[in-house]
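Overview (structure and organization)
Chain by chain, the residues:
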Amino acid sequence: MSGKHIELFLVDGTPGGLTTAEILNWTGQVISAPRSEMSALVRRAELAGTCVYLLLGPDEQGGTRCYIGETDDFKARLRYHDANKEFWRKAVVITSKDANLTKAHGRYLEARLISLALQAGRVVLDNGTTPPPQALPEAHASDMDYFVDQLQIVLPVLGVDAIRGRETVAVPASRQEQLVSPSFHLANRKLGVAATAQQIDGEFTMLAGSTVVADWHGIGKADSTIKAYEAYRAQHLKLIADGSIVVENGVGRVAKDIVFGSPSTAGAIAQGRSCNGRISWIADDGTTFGAWESRGVDAQDV
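What you see is a predicted model; the values in this text were computed from it and never measured.

**Section: the overall build of the protein**
When helices and strands are tallied, the protein shows nine helices and 15 strands. Taken over the C-alpha trace, the protein has a radius of gyration of 21 Å; the compact-globule value for 302 residues is 19 Å, and the two agree within 12%. Dimensions of the protein, computed from the C-alpha atoms along their principal axes, are close to 60 × 45 × 40 Å. Summing over all exposed atoms, the protein offers an accessible surface of approximately 15,600 Å²; the carbon and sulfur share of this is 50%. For the protein, the distance from the average site of its 30 positive side-chain charges to the average site of its 35 negative ones is 5 Å.

Next comes the structure, spelled out in structure tokens:
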């Protein structure tokens with residue numbers, strides 16, 4: 001897989017403000033803006049035609065809530081959402097620099113993005129319905145599928161993981177070792193824990209089929225520890241509530257791959273207590289995750 005040249009432009013010169021993103025030789029363009037800059041966003045000339053958009057904000061149970069839509073009049077549509085949707089804090093708009101996106105293209109992209117978001121399971125979708133795929137001529141469908149492939153690269157760069165799956169791009173065997181780690185295991189027979197995880201594309205992922213504790217039972221003494229444990233407990237409950245962990249006969253079973261911010265968080269959720277993930281996750285050859293992560297680094301050069 002060759003590198004990708006992505007150009008980010010901070011329109012007002014500040015990080016977190018109005019930002020445009022493009023890939024060299026790709027006709028698409030992505031524009032991101034916080035809700036506070038809605039007035040500047042709707043004045044963008046390139047948003048006068050058909051576009052697809054994502055509204056993103058915090059979910060009540062933690063995580064991210066997302067609405068995906070399509071429109072020919074983004075200004076009017078965003079004003080409607082401003083009056084009727086409270087949750088969103090950022091808008092990400094997808095359009096084409098060559099103005100060749102038609103209404104049918106927009107509906108096709110909308111349906112694909114909703115489908116991918118449901119598959120990825122990284123956000124709580126605010127959409128009330130799931131539109132069926134828009135019928136397109138074969139060549140046009142191929143063009144839009146390529147368009148989606150580029151979005152799966154650009155959106156994460158902007159901090160939007162809504163459609164980011166485990167394998168967003170095809171990776172040749174020669175680079176698999178760089179992007180996908182060996183399998184690491186964490187076991188605790190007394191607690192019924194037998195979890196497997198991999199680091200995939202930079203994210204620590206507990207794999208479906210792992211078994212974890214049915215409830216988070218850690219108890220802290222210091223205020224900081226109590227607060228951290230409450231956060232772990234809330235995360236564990238959320239994963240059960242959204243079906244990522246299914247509790248059966250007093251054991252939690254991981255129903256789908258779960259991405260964690262760190263191996264320690266994954267280990268804590270698995271065991272129901274604090275965990276040093278860098279030494280607790282161990283590969284088949286006895287290598288700890290920490291040792292694997294530090295491979296190739298000469299201590300004398302650090």
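**So, the sheet that holds strand β6 (residues 90-96)**
Either a parallel or an antiparallel arrangement is found when strands of a sheet pair, and the pairing is made through backbone hydrogen bonds. Read from one edge to the other, the open sheet built from seven strands follows the order β1-β2-β3-β6-β4-β5-β7, with strand pairing classed as mixed. Of all the strands in the sheet, the pair left with one neighbour each is β1 (6-10) and β7 (124-125). Note that strand β2 (residues 19-23) and strand β3 (residues 28-34) share three bridges and pair antiparallel. Residue Ala21 lies in a different strand from β3, and its bridge partner there is Val30. Together, β4 (51-58), β5 (64-71) and β6 form the strand contacts of helix α2 (residues 74-84), whose direction differs from that of β4 by roughly 20 degrees.

**Observations regarding the packing of helix α6 (residues 223-241) against helix α7 (residues 263-271)**
Put simply, α6 and α7 touch, their axes get as near as 10 Å, and they point 70 degrees apart. As judged from the angle between their axes, α6 and α7 are roughly perpendicular. Contacts between α6 and α7 involve Tyr232, Gln235, His236 and Leu239 from the first element and Thr265, Ala268 and Ile269 from the second.

**Considering the packing of aromatic side chains**
In this structure the tally under the stated criterion is ten aromatic pairs. Each ring, one from Phe204 and one from Trp281, has its centre 5.3 Å from the other, and the planes form 65 degrees; the classification is edge-to-face. Separated by 77 residues along the polypeptide, Phe204 in strand β10 (residues 203-206) and Trp281 in the loop between α8 (277-280) and β15 (282-283) bring together distant segments of the chain. Accessibility classification places Phe204 together with Trp281 in one group, the buried group. Among the aromatic residues, those joined into a cluster by ring pairs are Phe184, Phe204, Trp281, Phe289 and Trp292. Against the face of Tyr67 rests Lys85, its NZ or CZ located 4.5 Å from the ring centre. Lying across the ring of Trp292, Arg295 places its NZ or CZ 4.0 Å from the centre.

The rules we used
- Residues numbered from 1 in each chain as written.
- Predicted model: local features only at pLDDT ≥ 70, side-chain atom pairs only at ≥ 80, totals over all residues.
- Heavy atoms only, no water.
- Helix = DSSP H or I, 4+ residues; strand = E, 2+ residues; numbered from the N terminus.
- Rg over C-alpha atoms; globule rule 2.2 N^0.38 Å.
- Areas by Shrake-Rupley, 256 points an atom, 1.4 Å probe, with all protein chains shown as cover.
- Lys, Arg positive; Asp, Glu negative; His and termini not counted.
- Charge placed at Lys NZ, Arg CZ, Asp CG, Glu CD.
- Pairing = 2+ DSSP bridges.
- Contact = heavy atoms within 4.5 Å.
- Axes fitted to C-alpha atoms, helices over the stretch in contact; angles between N-to-C directions.
- Parallel < 35°, antiparallel > 145°, perpendicular 65-115°, else oblique.
- Phe/Tyr/Trp six-rings, centres within 6.5 Å; stacked < 30°, edge-to-face > 60°.
- Buried < 20%, exposed > 50% of the residue type's maximum accessible area, 1.4 Å probe, protein only.
- Lys NZ or Arg CZ within 6 Å of the ring centre and 35° of its normal.

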